[in-house]
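Structure at a glance
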Amino acid sequence: MFNQFGSTAETLSKASAAVLRIGTDAHLYDDPEDVNIAPLLDSKFESEKCEALKRLLALIAQGFDVSNFFPQVVKNVASQSSEVKKLVYLYLLHYAEKRPNEALLSINYFQKDLGDPNPLVRAWALRTMAGIRLHVIAPLALAAVGKCARDPAVYVRKCAANALPKLHDLRLEEHAPAIEELVGILLNDHSPGVVGAAAAAFTSICPNNFSLIGKNYKKLCQILPDVEEWGQILLIGTLLRYVVARHGLVRESLMLSLHGLESNGFYEKDGLVGDKKDGDKSDSFDANLVSLVSKCYIEGPDEYLSRSNGVDTVAASFDSKETTSVGDNEDVKILLQCTSPLLWSNNSAVVLAAAGVQWIVAPLEDVKKIVKPLLFLLRSSTASKYVVLCNILVFAKAVPSLFAPHFEDFFICSSDAYQVKAHKLEMLSLIATTSSISSILREFEDYIKDPDRRFAADTVAAIGLCAKRLPEIPTACLNGLLALVRQESFAGDLELVDGEAGVLVQAVMSIQTIIERDPLSHEKVIIQLFRSLDSVKVAAARATIIWMVGVYCSLGHIIPRMLTTITKYLAWSFKSEASETKLQILNTAAKVLISAEVEDFQMLKKIVLYVLELGECDLNYDVRDRTRFLKKMLSYKLACHEPTEDSVASQENIAEHVVEHVFGRKLKPFSPLNLHNRFYLPGSLSQVVLHAAPGYEPLPKPCSFVVEEHDQLSDSGRQREAMSGLNGSQESSETVDEDGSSEYDSESYNGSDFSSDGDERNDANDAADPLIRFSDIAVSTDQEEPRSKRALDLCASYNNVPTLIPMEELSCLEPGQSAKRLIQVRFHHHLLPMRLSLHYNGKNVPVKLRPDLGYLVKPFSITIEEFLSTESRLPGMFEYTRRCTFTDHIKDTRMENGKDKFLTICESITLKVLSNSNLHLVSVDLPVASTLEDATGLRLRFSSKILSSEIPLLITITVQGKCNEDLNLTVKINCEETVFGLNLLNRIANFMVETSSSAS
């Protein structure tokens, strides 16, 4: 009746939205600039200032630049209102780096607020001081953190722990001991919230300083269940690393199962260990894979690269001194007890971290504790299902019997993503047993009918894996796979049917996998595949069957009599085949001719000649090249009239031996360990992406952490090593210092572990190895004998890489005398250092030399368009940035002589970069600023290629700051080689910080 008062769905929606926004600040995001902000900031009313600051933060959240209000906002830092203070601190945190001079004006107010009676104000002031990344105020910020680390308020101490990594990122080497001391104080805190933040600081600042953990180990284990979830993850990893570094691996654990089975006589318990009678190993336990996993958990990139480049030996050897026992070690017991309740945590990452501890440290019979929590996590957490499956796969590969009774938990749901389905299929094929295979195969029958044909093809592949693992079921699997090949749907042109071709290819490959186990007993199956060639139209499937013709051409009694007919068919269909099928026909023809019998030789020779003539005229150059190669190799066969017997004359024919070597060799057994021989710690990102992600650290070397008495000796040893002048070798091969080394190099090499090997060993080394270089070492007054005979020799630890060039020998030194020798080293990989051993007076000092990464690249000349195009293709994990300070331009006299300051800065940076690395300068972008004193926006681009792999490497240096002041450089590297890029980034940041002696 009253339409003018009527309501619609749109008006009701707007009304409900307005009601929900009542009492909130959401209206500020609608039009934050609808009010003049500047007068509100200068208002005498705190409410108006608060509204203005909220509008500024709303503009920042929407991406607007409001740094022009910085002076007016800074004035309000002295406000008495806690709400205004909080908003001012948030604004200052965002713009302090862009306006450092104005930010310094508020330092006095921050220091004043550190004594405020309100703990929130104290925490805000500390967080803001630490967030202003300026070296000028770093000492003040460190003093503030030290004060707040002893604050009575828990929240203030937690903010102090969170501020320590920010100070550490400024690379304050002179304050590093003080920062580590503060970490130790906060780790000893009684509050779980502070301990969690301190664990994060420990991981970022000093992850290998286990003396801080040893002082508080029991307390940290007791407080672990009460720490916040994300702090629990870091603290669990820290405690595990401490136990391994302090006590070594546990003898009863799964990681040492290979040695335990052989020497300690472990028995079968709870279905984990199979009965080892007559040397047989049950599928319930893969000791070789477990040994490989334990090696990967501990080895760093150096050992992994050296192992992958050489012979891959699976068996890992651990000294008995590097192991411990659960019954005798109280620290291991406490760690297992405090992490067991966390297996049922609400946070999936905590569950994976706790499961990793049980997997690595727990006794063999207790590993089964991780099964039910992981399965519960798999069912309850949809978001983390894929990550959990990635970790369960590693556990199941090593010990399939752990999850074998729970195979139904890995049945696939229709809502699962494809990646989750693929992992579940792999799990089912791993844990299938004779009792569960019937249920699993019935489930597979339904999966094959799935509309997603890629998933159906993976199911067919999983059937082949099950048949390969369980020799009792191949007959049933073969019948189903052969029926799948013979289906009428495969008789048509499957190239036009999406996914159907993949199912057929996987079916043929699964049959091939089953046949490889025992070809002679599957002769009839091979014959059926040969007969199905006419109906199979998919090129990849036809190529696989034709390959089997060549491999099994001399198998049994029936197949050799069929070769003439099959070869005729292949020659008849050659012209209409795809390129990959033609290549297999050529290879099969060569194999058939080599193994031909006397009565079929002439006919097969004519067919092969016909096929070779067709191949020479083919449009595909790969087919033509393969044809010419085979025709040349088979020339001796094609020229004779009957197959040659094994005689002296034929043995002298080189071509015949080459052909027999190429085409007559038997198939080698397939080892799954060769495909994926790298594993990462459970719960880590690296285990999901299958490569060492930035920040990944393996477990430390067992028993690498010594007690405090030995640490004192270690410090004195480092001082003596520094005094020995070892860095004189930088004249020929510059080494990378420890501060500049990448975080990937987790191996801690203690240079002070002197070992007296006796005079006999020293004399033997003197006779065998030449001297390389050394300098005089200061002689202490408490020594009984002067060091007149300083026979030093350096012997390489690696036999293959890197290599050391022999040099002139030096026999001895008199007291006070010094000598120098240049080391010439050929480095074959940027992560493989030259490990040397310095012997003198019966003592041994380990030395490690690293290659200078700047000379492992070569200049790569490209245009700016090509640079930007390549850079756009390498985002995300292939892009790494780091900040540093540059001061060389300040000492340059050209800055005072009226020369263009931008040009002087460009020349200084370019000279510093090009003098330390082989790069090509691509372009220089000049800044667009209101004053000529502001160099912000200056950008230099360099390009190069890695020498070993020819992979492009792009470097971008961006400048921020005033021309006459210290410049803040942001160095960005884009490179597909993650480890190399991060190492080179650290190298560039290090030499940019160093002051050049020739800056003037």
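Just so you know, these numbers come straight off a predicted model, no measurement behind them.

1. Structural notes on the overall build of the chain
Helix and strand counts for the chain stand at 42 helices and 12 strands. Relative to its full complement of 1000 residues, the chain shows a buried share of 51%. Sequence-distant contacts, at least 24 apart, represent 70% of the contacts inside the chain between residues at least 6 apart.

2. Brief notes about the nonpolar core
Of all hydrophobic cores here, the largest spans 228 residues; its most connected members are Y297, W359, I360, F403, F410 and F444. Looking at which element gives the most residues to this core, the answer is helix α20 (residues 348-361), with 10 residues. Leaving out residues up to four positions away in the same chain, F410 has contacts with L375, L378, L389, I392, F403, K424, M427, L428 and I431. Of all hydrophobic cores here, the second largest spans 36 residues; its members include C906, L938, L940 and I955.

3. Observations regarding the pattern of salt bridges
A side chain of one charge can pair with a side chain of the opposite charge when the charged atoms of the two come close. Scanning all chains against the criterion turns up 22 salt bridges. Between K424 and D416 there is a salt bridge, with its nearest N and O atoms 3.0 Å apart. This pair shows no difference in class: K424 is buried, exactly as D416 is. Between K945 and E950 there is a salt bridge whose closest N-O contact spans 3.9 Å.

4. Some details on the packing of helix α23 (residues 418-431) against helix α25 (residues 453-469)
Running from N to C, α23 and α25 point in directions that differ by 15°, and their axes come no closer than 8 Å. Regarding the angle of α23 to α25, the classification is roughly parallel. Relative to α25, the crossing made by α23 is right-handed. Within the contact between the two elements, α23 uses Y418, K421, A422, L425, L428, S429, L430 and I431 and α25 uses R454, F455, D458, T459, A462, L465, C466 and R469. Tallied by class, residues from the contact of α23 with α25 come to 10 nonpolar, 2 polar and 4 charged.

5. Let's talk about the side chain of N990
For N990, the location among the structural elements is in helix α42 (residues 978-993). Engagement of the side chain of N990 in a polar contact is seen with the side chain of R171, the distance being 3.1 Å.

6. Overview of helix α5 (residues 82-95)
Taking 1.5 Å of rise per residue, 14 residues should cover 20 Å, and α5 covers 20 Å from first to last C-alpha, within 8% of that figure. If you check which residues of α5 are buried, you get V84, K85, L87, V88, Y89, Y91, L92 and Y95. On its buried face, α5 is in contact with α3 (46-61), α4 (70-75), α7 (107-113) and α8 (119-131).

7. Notes on helix α41 (residues 901-914)
Compared with an ideal rise of 1.5 Å per residue, which puts 14 residues at 20 Å, α41 spans 20 Å between its outermost C-alpha atoms and is within 8% of the ideal. Of all the 14 residues making up α41, 10 are buried; the element is thus mostly covered by neighbouring parts of the structure. If you check which residues of α41 are buried, you get K901, F902, T904, I905, C906, S908, I909, T910, K912 and V913. Residues of α41 that are buried in the fold lie against β8 (879-886), β9 (920-925), β10 (939-946), β11 (952-960), β12 (967-975) and α42.

8. Things to note about the environment of L134
Secondary-structure assignment places L134 in the loop between α8 and α9 (138-148). A residue is classified by how much of its surface remains accessible, and L134, at 10% relative accessible area, is buried. Between the alpha carbons of L134 and E97 there is a distance of 7.4 Å; along the sequence they are 37 residues apart. In this structure, L134 is in contact with P100, L104 and L170, ignoring residues within four places of it in sequence.

9. A short note on the packing of aromatic side chains
All told, the structure shown has 14 aromatic pairs when counted by the stated rule. Ring centres 5.1 Å apart and planes at 35° place the aromatic pair Y217 and Y242 in the tilted group. Linking Y217 in helix α14 (residues 217-223) with Y242 in helix α15 (residues 229-247), this pair joins segments that are 25 residues apart in sequence. For Y242, a relative accessible area of 5% translates into the label buried. Look at W359 and F395: their rings are 4.5 Å apart centre to centre, the planes differ by 40°, and that puts the pair in the tilted class. Of this pair, W359 sits in helix α20 while F395 sits in helix α22 (residues 385-398), and the two are 36 residues apart along the sequence.

10. Remarks on the environment of E330
Locating E330 in the fold gives a position in helix α19 (residues 330-339). Among the residues examined, E330 registers a relative accessible area of 47% and is labelled partly exposed.

11. Quick look at the packing of helix α31 (residues 579-594) against helix α33 (residues 621-633)
Where α31 contacts α33, the two axes come as close as 10 Å, and the packing angle between them is 5°. One element, α31, and the other, α33, form an angle in the roughly parallel class. Counted together, S579, K582, L583, L586, N587 and A590 of α31 and D622, V623, R626, T627 and L630 of α33 form the full contact between these two elements. A class-by-class count of the residues in the contact of α31 with α33 yields 5 nonpolar, 3 polar and 3 charged.

12. Describing unusual backbone geometry
As a rule of thumb, non-glycine residues mostly have phi less than zero, and peptide bonds are mostly trans rather than cis. Positive phi, normally seen in glycine, also occurs at L690, with a value near 65°. Examined against the element boundaries, L690 turns out to sit in the loop between α37 (685-689) and α38 (708-723). At C703, a residue that is not glycine, the phi angle is positive and equals roughly 60°. One can find C703 in the loop between α37 and α38. Of the residues examined, C703 reaches a relative accessible area of 28% and is grouped as partly exposed.

13. Comments concerning the environment of Y696
On the secondary structure map, Y696 appears in the loop between α37 and α38. The exposure class assigned to Y696 is buried, which follows from its relative accessible area of 9%. Along the backbone, Y696 and L681 are 15 residues apart, and their C-alpha atoms lie at a distance of 9.0 Å. Side-chain polar atoms of Y696 contact the backbone nitrogen of L681, separated by 3.2 Å.

14. A closer look at the side chain of S944
Tracing the backbone through its elements, the reader meets S944 in strand β10. The contact partners of S944, leaving out residues within four places of it in the chain, are V857, K858, P859, F860, N918, L919, I951, P952 and L953.

15. Section: the confidence of the model for the chain
Averaged over all residues, the pLDDT of the chain equals 76, while 73% of them reach at least 70. The lowest-confidence element of the chain is helix α39 (residues 759-768), averaging 39 in pLDDT; the highest-confidence one is helix α12 (residues 192-205), averaging 93. Below a pLDDT of 50 lies the segment residues 646-652, which in the model reaches 6 contacts outside its immediate sequence neighbourhood of four places, other chains included. Contacts of residues 709-801 to residues separated by more than four positions or lying in other chains number 196 contacts, the stretch itself having pLDDT below 50.

The rules behind the values
- Residues numbered from 1 in each chain as written.
- Predicted model: local features only at pLDDT ≥ 70, side-chain atom pairs only at ≥ 80, totals over all residues.
- Heavy atoms only, no water.
- Helix = DSSP H or I, 4+ residues; strand = E, 2+ residues; numbered from the N terminus.
- Buried < 20%, exposed > 50% of the residue type's maximum accessible area, 1.4 Å probe, protein only.
- Contact = heavy atoms within 4.5 Å.
- Core = buried A, V, L, I, M, F, W, Y, C linked by side-chain atoms within 4.5 Å.
- Salt bridge = Lys/Arg side-chain N within 4 Å of Asp/Glu carboxyl O.
- Axes fitted to C-alpha atoms, helices over the stretch in contact; angles between N-to-C directions.
- Parallel < 35°, antiparallel > 145°, perpendicular 65-115°, else oblique.
- Left-handed = near helix turned anticlockwise from the far one by under 90°.
- Nonpolar A, V, L, I, M, F, W, Y, C, P; charged D, E, K, R; others polar.
- Polar contact = N/O pair within 3.5 Å; in protein donor to acceptor, adjacent residues only side chain to side chain.
- Expected span 1.5 Å × (residues − 1).
- Phe/Tyr/Trp six-rings, centres within 6.5 Å; stacked < 30°, edge-to-face > 60°.
- pLDDT = per-residue confidence, 0-100.

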